[in-house]
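Breakdown of the fold
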Amino acid sequence: MDRKLILALCLLVTPCLGYYKFRDKIPNGGVVPHPCKPNYMWPGVGHIDFEGAGKNNQFGLDFKDVGERWTKELCMKDSDGDGMTNGWELGDPDCEWTEGSIPKRVKGLSHPGVCNPYGEGICAGKDEYVNCEIKEVRECEVKTKPDVKYFDVRFSEITVPPTETNYFCQYFDVPFTDEDVHIVADSAVIDNHNVVHHFLLFGCPDYYRSKPTDYAPNPCFMAGTQSSCTTLIGFWAVGYSGACYGENLGYRIGKTGFKKLKLEIHLNNPGLVEGYTDTSGMRLYYRPALPHVQDLATFVVGQMLFEIPPGKESVEVAASCPQHCSRALMTQPIYLWSAINHMHYMGRSQRTQITRNGQLFSVIADDPRYNYDSPTPYDQVTPLKIQPGDEISTTCLYSSMSRKRYVYFGDGTYDEMCLSFLTVYPAQAMPYSKWCISYGPLSTCEWKSKTPKYECDWARFINISNPEMFKHYLELEAHCNINGVCRPECKIVVDELMKHPCLKDKGMERVVTSYLQEYKEGARFLGRLHSCSMKNHDIYKEGVDCDETCPRSKNDECTKGDEDTASTSGPHLISMALASLVTVAITRLF
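Along each chain, residue indices are assigned from 1 in the same order as the chain's sequence is written. Per-residue local features of the predicted model are confined to residues with pLDDT of at least 70, and side-chain atom pairs are confined, for both listing and counting, to 80 or more; whole-chain, interface and lining totals are unaffected and use all residues. By convention in this description, side-chain values take in all heavy atoms of the structure and omit both hydrogens and water.

1. Quick look at the sheet that holds strand β19 (residues 334–342)
A pair of strands is considered paired only if DSSP assigns at least 2 bridges between the two. Helix numbers and strand numbers start at the N terminus; a helix is a DSSP run of H or I with at least 4 residues, a strand a run of E with at least 2. An order of β22-β19-β25-β16-β26 is seen for the five strands of this open sheet, with the pairing classed as mixed. Of all strands in the sheet, those bounded by a partner on one side alone are β22 (378–386) and β26 (435–438). Neighbouring strand axes in the sheet, compared pairwise and without regard to direction, differ in orientation by 25 degrees on average. Sheet topology places β19 next to strand β25 (residues 418–425); seven bridges connect them, and they run antiparallel. Pairing of Asn341 across the sheet is with Ser420, part of β25. Note on definitions: angles span 0 to 180 degrees between N-to-C directions of axes, and those axes are lines fitted to C-alpha atoms, for helices only across the stretch in contact.

2. As for the packing of helix α8 (residues 488–497) against helix α11 (residues 520–533)
Closest axis-to-axis distance for the α8/α11 pair is 9 Å, and the angle between their directions is 100 degrees. Judged on the interaxial angle alone, α11 and α8 are roughly perpendicular. Listed contacts from α11 to Cys490, Lys491, Val494 and Leu497 of α8 are Phe525, Arg528, Leu529, Ser531, Cys532 and Ser533. Asp, Glu, Lys and Arg are counted as charged, while Ala, Val, Leu, Ile, Met, Phe, Trp, Tyr, Cys and Pro are counted as nonpolar; the rest, among them Gly, fall into the polar class. Residues belonging to the contact of α8 with α11 are distributed by class as follows: six nonpolar, two polar and two charged. Any angle that is under 35 degrees is reported as roughly parallel, and any over 145 degrees as roughly antiparallel; angles of 65 to 115 degrees are reported as roughly perpendicular and all others as oblique. When checking whether two residues touch, look at their non-hydrogen atoms; a contact exists if any pair is within 4.5 Å.

3. Considerations on the state of the cysteines
Sulfur atoms of two cysteines make up a disulfide when they are within 2.5 Å. Applying the stated rule across the entire model yields nine disulfides. For Cys204, the disulfide goes to Cys229, at an S-S distance of 2.1 Å. What sets the handedness of the Cys204 and Cys229 disulfide is the S-S torsion sign, and at about 120 degrees it is right-handed. Pair noted here: Cys204 is in strand β7 (residues 196–204) and Cys229 is in the loop between β8 (218–219) and β9 (231–237), with a separation of 25 residues, a long-range link. The same class applies to Cys204 and to Cys229, which are both buried. Relative accessible area decides the class of each residue, using a 1.4 Å probe on protein chains only: under 20% of the type maximum gives buried, over 50% gives exposed, and in between gives partly exposed.

4. Some thoughts on the pairing of β9
Most of β9 sits out of view: seven of its seven residues are buried. With six bridges connecting them, β7 and β9 associate as antiparallel partners. Paired with Leu200 across the strands is Phe235, a residue of β9.

5. Comments concerning the pattern of salt bridges
Between side chains of opposite charge, a pair can form when the charged atoms approach closely. Within this document, salt bridges are pairs made up of a side-chain nitrogen of Lys or Arg and a carboxyl oxygen of Asp or Glu, the two lying within 4 Å of each other. Per the stated rule, a full pass over the model turns up 16 salt bridges. Across the pair Lys260 and Asp173 runs a salt bridge, and its minimum N-O distance is 2.6 Å. Highlighted residues: Lys260 in strand β12 (residues 260–268) and Asp173 in strand β5 (residues 165–173), separated in sequence by 87 residues. Lys260 sits in the buried class, given a relative accessible area of 11%. When its relative accessible area of 46% is taken as the criterion, Asp173 is described as partly exposed. Between Asp180 and Arg252 there is a salt bridge, and its shortest N-O distance comes to 2.8 Å. With Asp180 in strand β6 (residues 180–189) and Arg252 in strand β11 (residues 249–254), this pair connects stretches of sequence that are 72 residues apart. The class for Asp180 is buried, based on a relative accessible area of 17%. Connected through salt bridges with shared partners, the residues Glu141, Lys145, Asp147, Glu247 and Arg287 form a single ionic network.

So, in structure tokens, the structure goes:
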């Protein structure tokens, strides 16, 4: 096998003997599909062992012998003997890519070191070193106890649409309501590995009443589209082998717990294949509730309003559940059992920590080399006590070197997220909400109304029926076009309106714009406003032109980007699912 192959392979694995940073030294180095698992990216260390040349190393080569540059020679080689050059497989068919630039193609990629199609035709017998085994079940002692049983919540058969991102939800009645039980462990039951991306399992309160159609799989958006079923009690994602809570912890269901469950599944079909079906779900291990067993809860922190520009080596997104917010959410101290970070494939690192009295108290989940397909749960040896008034924050770092368009928070694989899931107890300590999500500069507790930190009363500003807002709406309607033409009389109105606290502050302007664009009157308001305000917008103030915001074609005309992200929103837009989740969180909190 070609000695240069080790470069391509090594750059595609995550730690790779400390050479993680080198994956940006080849085109699309962080987003190469797994050759035998179309729903997965190349997973990294643990699947191919590069440590020890000539020992465990299938190739007998050391990275340092190869070099660190993407050259035309390496690009033109066919390292795996499948008839395609390394450059073609990595999206650089003309061998024009240079470090720091955006590859010509960002989809339709394949692995340059694994013969494709995997295990077929000329590739038969050539890829024995590729590990296609998927470990789905986590071993844990509590499952072996005689009083522990299990039941499955699995989707009725779903016909998977030939589209990349698909969400389905289905409701289930808990099979017992005359006793309390604790879920002490869970695992995934995967029917179709080609499409299953992740699950979320929610508990529904007693007052929720399902419709008969809810007991069949229905298309839905990501978490939060049903305001009464947002309490997360289980999850699974690609690379995760399930949870094991042990002897003294569990999620309560049954007589005084949740009697109805909602299972949400993300089906990822990047090949747009027709004819896939799926009946996957979760296996829940339970035992009778015992007095000494604490009720678990999942506490979520993160950021839901951000944009990541294309072609950037490093973009940071931060989120915080500040002191006053944790104090409002918690009626008593909670104890952290485990934490897990969550981004998508652009994610490079994520760190979640606790700050107390202005000082760092504890780092609870630190992924300096984040790998989406291999999430790391950070279990506490001794449960960590979190006090009301502690700040819980997470910071996500992304690389957009392989993207041609802005990327936003969203439910698609090629969208992004910045979330951290904390498994804590007792659940009763957080009776109001178990979500503490930032929305741009706002924390959960600042969504409700004007705060001393921000002069903008955003809830009033986005309400067109509010007298003050309605007055602005009528002024814009009378003096401003919606076709982009800036009339002189409109400019006077707009210049005055741009002094409003909700528009002059960049962070708050992003927040209110994201809400207004979600309904007809709000969108028309923005259309008239922007007819004379866009020249004052930050994208113009900073001197950013088309060269920096969208790619150029060979004829030097500004193109419209391409298909590398599921989001089609502009910098201020956000998905309906996101708006729904924000509304849910506000409802639950207040």
